[in-house]
Amino acid sequence: MLRTQLTLPRRVYPYRVLGMALGALAIATVLLELQAGTLLWALCVFTGVVWPQLAHLLAQRSASPFAAEQRNLIADSALAALWVPLLHFNLLPAVLLLALPAADKVNTDIPGLYRRTLLPTCVAILAGGLATGFAFAPSSSTAVVLACMPMLLIHTLAVSHGRRRLVAKVLRKNQELDLLSRTDMLTGLRSRDHWEREVARTLHEVHAGASPAVLVMIDIDGFKQANDRYGHIAGDALLRAVAALLQETLRPGDIGGRYGGDEFAVVCPATGLAEAAATAEAFRAAVETIRLPQAPDLSHSVSIGIASARPNHARIEDWVNAADAALYDAKRSGRNRMVLART
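Residues numbered from 1 in each chain as written. Predicted model: local features only at pLDDT ≥ 70, side-chain atom pairs only at ≥ 80, totals over all residues. Heavy atoms only, no water.

As a further point, take empty space enclosed by the protein. On inspection of all chains with the given rule, the structure shows one cavity of 30 Å³ or more. If you trace the largest cavity, you find it lined by Val216, Ile218, Leu246, Thr249, Leu250, Asp254, Val266, Cys268, Ala276, Thr279, Ala280 and Phe283. No other element matches the four residues that helix H10 (residues 273-287) contributes to the lining of the largest cavity. A breakdown of the residues in the lining of the largest cavity according to their chemical character gives nine nonpolar, two polar and one charged. (1 Å grid on protein atoms, 1.4 Å probe; cavity = no way out; pocket = protein on both sides within 12 Å on 5 of 7 lines; lining within 4 Å. Points joined across faces, edges and corners; volume = space filled by probe spheres on them. Helix = DSSP H or I, 4+ residues; strand = E, 2+ residues; numbered from the N terminus. Nonpolar A, V, L, I, M, F, W, Y, C, P; charged D, E, K, R; others polar.)

Here it is, written out as structure tokens:
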């Protein structure tokens, strides 16, 4: 929780340091032209140097860094707005001092933050105006324009870069979430929902006459015995071991998934029955070699049912039922064997 709370202050700090320093450069140029007094120069130093460090310190020491940083962001806008009348409304600095902090608030993606800055911004402009008698000299000299260019260009590029990194991070997170939704976390195989979508696509291709396909249903023999005698740790270890062997055995293009419990399923697109049966038999034999430290005295095996896609398989359930029926025939025939579906 604390790490999450500190994320916003860490993210804002370098942009505040950069933005305030560049803003102070433009402010200082106008102050030179106005022949400003010591008080305004001290405020300029506070704005460009002291405030970024003070704001970061306040956020770090707060019991709620996230809330403290939001207050700091509002103070940023108020401080920038205060300079608008203090600079006699010099046009280009005034526009930048109001627009760039406003853009920063929008870029934080904190709901309502921009609206919360409006009143402090107006109060700061009013206070500065009262202090200067609302002196008005909007013309921006060439020197002021040049001093504003770094604030306009560098700060904007820096914020855009930060935004790009944030978007890239969000995209990575979305990809990770998509992978999680497609993957069974225990076995690393496809989740049932995602696997069934692949089966539906394959069956559609079969019906379109593109190529044959085979469905393989696999059930671990004696899984309940391993769970009951040695606990769920042994059961999970067995599931992972069988899944790892299945992934090693599958050919390119084969799609394996965890169908549920101790049952796995594989769809083999563009594959004939004999080829799929040979792969399934190699997998069945490999499972016999599994030895688990969690259940050292148990031998392991699988029963397998195989069904080719048929024209009468209108839905994936029809195809799965055909392979399931062959699987249960393998179970009833003594287990640790492979059975082909009846044509």
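On to the pattern of salt bridges. Tallied over the full model, the rule gives 17 salt bridges. Salt-bridge contacts for Glu69 lead to Arg16; the nearest nitrogen and oxygen are separated by 2.6 Å. Taken together, the residues Glu69 in helix H3 (residues 65-86) and Arg16 in helix H1 (residues 2-34) connect sequence positions 53 residues apart. Glu69 sits in the buried class, given a relative accessible area of 0%. Notably, a salt bridge pairs Asp219 with Lys331, separated by 2.4 Å at the nearest N-O pair. With Asp219 in strand E1 (residues 213-221) and Lys331 in helix H11 (residues 316-332), this pair connects stretches of sequence that are 112 residues apart. Both residues of the pair, Asp219 and Lys331, belong to the buried class. The network of salt bridges with shared partners includes Arg190, Glu198, Arg201 and Glu205. (Salt bridge = Lys/Arg side-chain N within 4 Å of Asp/Glu carboxyl O. Buried < 20%, exposed > 50% of the residue type's maximum accessible area, 1.4 Å probe, protein only.)

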